[in-house]
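Residues per chain are reported as follows:
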Amino acid sequence: MSQVPGGNMRDSFLVDGVAFKKTFSYAGFEQQPKKFLNPKILLLNIELELKSEKENAEIRLSDPSQYQSIVDAEWNIIYEKLDKCVQSGAKVVLSRLAIGDLATQYFADRDIFCAGRVAEEDLQRVAAASGGTVQTTVNNVIDEVLGTCEVFEEKQVGNERFNIFSGCPSGRTATIVLRGGADQFIEEAERSLHDAIMIVRRALKNSTVVAGGGAIDMEISRYLRQHARSILGKSQLFINSYAKALEIIPRQLCDNAGFDATDVLNKLRQKHAREGAPYGVDINTGGIADSFANFVWEPAVVKINAINAATEAACLVLSVDETVKNPKSESAQGDAAAMGGRGRGGAFRGGRGRGMRRR
């Protein structure tokens, strides 16, 4: 997911492919095309710019006229690399390292888009989605190592520009670009989307589902209340309390949606007591509805794990009644509090003394 502050939440969009923020660009970038249909994509891990010599480099010449041949050799090396990139037939060139101003202008003159200093993660995502392979040399670049996509486009999103690769053939990948008026809203939207995606992933891996919207919680609560009537002693109170705690889920759903939780819970209790149907909270109408019929499902393994974790946590809290007491520590804290009280009293008497001297 990518976050772009500005706009509203409805401006968020899904890219059926890979999208990442535009990288640093040199002069001549504005002249490059910003959209291609079915382009070939060349992925590199080399620099495409003139490199200055190291500080300790030394060249000895016997003839001053030879200096120009050395300068020409440096230019010939970079031009040879650029020419091989063009001959490969690629229309989009991405590199993890820098692509200098000379290469940028060279590609712009030949209607080729380039981007340097692409993050390693983004480069690997493009490689996996487009079917390309990252190259460490421009020699012998064949079609098998080039990637492709249906549409490449550089698009303005808020104050940012994104490189978008849509319709990638090799991998089912997608990118969500989130918009919002403040960073807090965008981060909250990202957390909510992440939770929803993980739930769908869990449901695909575990095909057993239960009714959501608090329906399964109300049904378990109803069953436990009925079961408690057949038990003698204090255990009946424990089971009833457990059943009441399960109603927190539909109650919290009502509170989050701004509905009257008491009214909705009464309807759910009446519905489950009569029919035992998978009725849960309907946040669209503020009432109740059949969660299964409305496709509000929840993976059974998630609900089981949640109930087990909550039960273990409650048992752990109840078990610390006699284990956290330390008489020595309590007595030391009491002595410290007493000394602090006497010290504060002394300071107060000193203040009274200063008041008497002023009089």
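Our structure is the block above this text.
Since the structure is predicted, the reported quantities are computational estimates derived from the model, not experimental observations.

> For this particular structure, what's the right way to read helix α1 (residues 66–87)?
Along an α-helix, a turn takes 3.6 residues, which lines up residues three or four apart on a common side. Taking 1.5 Å per residue as the helical rise, α1 with its 22 residues ought to reach 32 Å, and the 31 Å between its terminal C-alpha atoms agrees with that figure. All of the buried residues in α1 are Ile-78, Leu-82 and Cys-85. Mapping the buried residues of α1 onto a view down its axis gives an arc of 45 degrees, with all of them on the same face. Across α1 from its buried face, at more than 90 degrees, point the exposed residues Asn-76 and Gln-87. Directly after α1, the chain includes Gly-89, whose backbone phi takes a positive value near 90 degrees.

> When you look at the nonpolar core in this model, what are you seeing that I'm missing?
A general trend in soluble globular proteins is that nonpolar side chains are found buried together. Judged by nonpolar contacts, the single largest core of 20 residues is most densely connected at Leu-42, Leu-44, Leu-48, Leu-82, Cys-85, Val-93 and Phe-107. Within the residue set of this core, elements represented by two or more residues are β5 (40–44), α1 and α2 (101–109). With four residues, the single largest contributor to this core is α2. Contacts of Val-93, omitting those with residues within four sequence positions, involve Leu-42, Leu-44, Ile-99, Phe-107, Ile-112, Phe-113, Cys-114 and Ala-115. In terms of nonpolar packing, the next biggest core, distinct from the first, is built from 19 residues, Leu-43, Val-92, Leu-123 and Phe-152 among them.

> Explain the sheet that holds strand β11 (residues 175–180) to me, please; I cannot follow it from the model alone.
In any sheet, the strands associate via hydrogen bonds between backbone groups, in a parallel or an antiparallel arrangement. Taking strand neighbours across the sheet as the criterion, the three strands line up as β1-β11-β2 in an open arrangement whose pairing is mixed. A single partner strand is all that each edge strand has here, and the edge strands are β1 (2–5) and β2 (13–15). Taking the axes of each pair of neighbouring strands and ignoring which way they run, one obtains an average angle of 20 degrees across the sheet. As judged from the four bridges shared by β1 and β11, these two strands associate in the parallel manner. Counterpart to Pro-5 in the pairing with β11 is Gly-180. Together, β1 and β11 form the strand contacts of helix α4 (residues 183–205), whose direction differs from that of β11 by roughly 145 degrees.

> Looking at this structure, I do not really get unusual backbone geometry. What am I missing?
It is generally the case that most residues other than glycine have a negative phi and that most peptide bonds are trans. The phi dihedral of Asp-111 is positive, around 55 degrees, even though this residue is not glycine. Position of Asp-111 relative to the elements: it lies in the loop between α2 and β7 (113–115). Given a relative accessible area of 44%, Asp-111 falls into the partly exposed group. In this structure, Arg-117 is a non-glycine residue whose phi angle is positive, near 55 degrees.

> What should I look at first to understand the state of the cysteines in this one?
A covalent bond bridging the sulfur atoms of two cysteines is what the word disulfide describes. This structure, assessed with the given rule, holds zero disulfides. The thiol of Cys-85 is not disulfide-bonded; the next cysteine sulfur, from Cys-114, is found 9.8 Å away. Overall, the relative accessible area of 1% leaves Cys-85 in the buried class. Between Cys-168, a free cysteine, and Cys-149, which holds the nearest cysteine sulfur, the sulfur-to-sulfur gap is 5.3 Å.

Here is what the cut-offs are and how they apply
Residues numbered from 1 in each chain as written. Predicted model: local features only at pLDDT ≥ 70, side-chain atom pairs only at ≥ 80, totals over all residues. Heavy atoms only, no water. Helix = DSSP H or I, 4+ residues; strand = E, 2+ residues; numbered from the N terminus. Expected span 1.5 Å × (residues − 1). Buried < 20%, exposed > 50% of the residue type's maximum accessible area, 1.4 Å probe, protein only. Arc of directions from axis to C-beta. Core = buried A, V, L, I, M, F, W, Y, C linked by side-chain atoms within 4.5 Å. Contact = heavy atoms within 4.5 Å. Pairing = 2+ DSSP bridges. Axes fitted to C-alpha atoms, helices over the stretch in contact; angles between N-to-C directions. Disulfide = S-S within 2.5 Å.

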